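Structural features, examined
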Amino acid sequence: MADVFKGLNLIEALKESMKSNKLSDVKDAMEDLLISRINLAVVGDRGEEKASFMNSLRGLGPEDEGSAPSKSPVAPEELGGYPHPKHPDFRLWDLPPVPTTPPFEPEGYMNRYKFLRYNAVFMTFTQIILSNSVDVFLEALSLQRQTVYFILLASVENTDKNLEETKKASLEVLKSQGVKQPKVYLVRPSNLDKCDFPGLLEDIVKDLPEIRAHALLLALPTLTPTLVTLKKESFKALIWAAASISGGMSAIPVPLVASMVDSSIAVRILTKAQLSLCVDDESVERLARQQQLEPTRLKELRTCVLSVEVTKVEIKRRLAAAEKDLGTVSSKLVEMALPRHARSASCSFTAMLQALNSAIDEMAADAEKIVAAALGGEK
């Protein structure tokens, strides 16, 4: 998928900021990635399928605290909001369905629900797409908003044949109303690893600005081993930014400042990784409950101590070990990663880069084992 290249592109952009002495831009990028600030809107009839979809996007089951109920407590024409339990700046917004009765003006609907404030909009439906929904889609395109997607939500009653017929008919509706490259994504709300959701995610990642694409990947639950890999690639950009800041701080002539900054940044990143990769106790227990597995069985798959608990003691130990290993690290890595004027800070940069990348690799390996076991493919 495209995010590997997005990660490299983002790193190149951060390098340019370093060359221009814009360390504040690098810090801002790191904060954006750590916070995972993103807003997604879900348009459509409120019911079991839509609620299940919004819950799955946040890694929740129907009985988990904070889950969206199938019978929405929100008034039919009002906006509902559902925060992420682990990433508070990642929010899902429950928008009512597009009206079906005339007269209808797409601009009025979009203005009422502040359509353009969302990073992406999911236009969900369970029957054939209706004309007014297509009008809203076309109006969004005319305003240069490309991140609007039609999603056919499958219910337990649907047969594969029925779903394919509905998808095909909906594509014909889109074509008849002038959509040049119509796409409909078939999604099973409680099993996002199935059907078209992986392709939908790939398209969203390509369409979103790079920082937002990374933020979305880091906030989503670990649905598949592929998504674990994508999260790991996103963390490469975050680690590069942190290492750059570490390299800049190492030049400060105040005792212990650099090491304090290094460990503080590392704690934030690896805590984020623990939550993003869903290897923390709460996430593992929730996944076990959803898959009707024994939590201990999944917890025992974790071999990295940072998957279990992120502590400053362990982080400082890893940073110290990385510094001792600097003599074995090729200077070519530093030359490629840092602009010329910043290479005097290369020791701190390389130690941070090595320590954090190694930790992420270990935590991601744990996440892959847990996901594989939860999906029935034990490793």
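The name given to the protein chain in an unreviewed UniProt entry is IRG-type G domain-containing protein, with Ameca splendens as the source organism. Recorded in UniProt for the protein chain, the comment headed Sequence similarities (unreviewed entry) runs: "Belongs to the TRAFAC class dynamin-like GTPase superfamily. IRG family."

Once that is clear, we can look at the packing of helix α7 (residues 197-207) against helix α8 (residues 210-219). The axes of two packed helices give the description: the angle between them and the distance between them. At a minimum axis distance of 7 Å, the contact between α7 and α8 shows a crossing angle of 145°. Contacts between α7 and α8 pair Leu-201, Ile-204 and Val-205 from the former with Ala-213, Leu-216 and Leu-217 from the latter. Residue composition of the contact of α7 with α8, grouped by class: 6 nonpolar, no polar and no charged.

For the rest of this paragraph, the subject is the environment of Phe-235. Take Phe-235: it is sitting in helix α9 (residues 225-249). Put simply, Phe-235 and Leu-218 are 17 residues apart on the chain and 8.2 Å apart in space, counted from C-alpha to C-alpha. Beyond its immediate sequence surroundings of up to four residues, Phe-235 is in contact with Leu-218, Ile-269, Lys-272, Ala-273, Ser-276 and Ile-360.

Moving on: the sheet that holds strand β4 (residues 120-125). The strand order across the open sheet formed by 6 strands is β2-β3-β1-β4-β5-β6, and the pairing between neighbours is mixed. Both outer strands of the open sheet, β2 (80-83) and β6 (184-187), are each paired with one neighbouring strand and no more. Adjacent strand axes in the sheet meet at a mean angle of 25°, parallel and antiparallel pairs treated alike. In this sheet, strand β3 (residues 90-95) lies alongside strand β1 (residues 38-43) in parallel orientation, the contact comprising 6 bridges. Along β3, the bridge assignment pairs Val-42 with Asp-94.

Rules of the game
Residues numbered from 1 in each chain as written. Predicted model: local features only at pLDDT ≥ 70, side-chain atom pairs only at ≥ 80, totals over all residues. Heavy atoms only, no water. UniProt positions renumbered as here; feature names shortened; annotations may be inferred. Axes fitted to C-alpha atoms, helices over the stretch in contact; angles between N-to-C directions. Helix = DSSP H or I, 4+ residues; strand = E, 2+ residues; numbered from the N terminus. Contact = heavy atoms within 4.5 Å. Nonpolar A, V, L, I, M, F, W, Y, C, P; charged D, E, K, R; others polar. Pairing = 2+ DSSP bridges.

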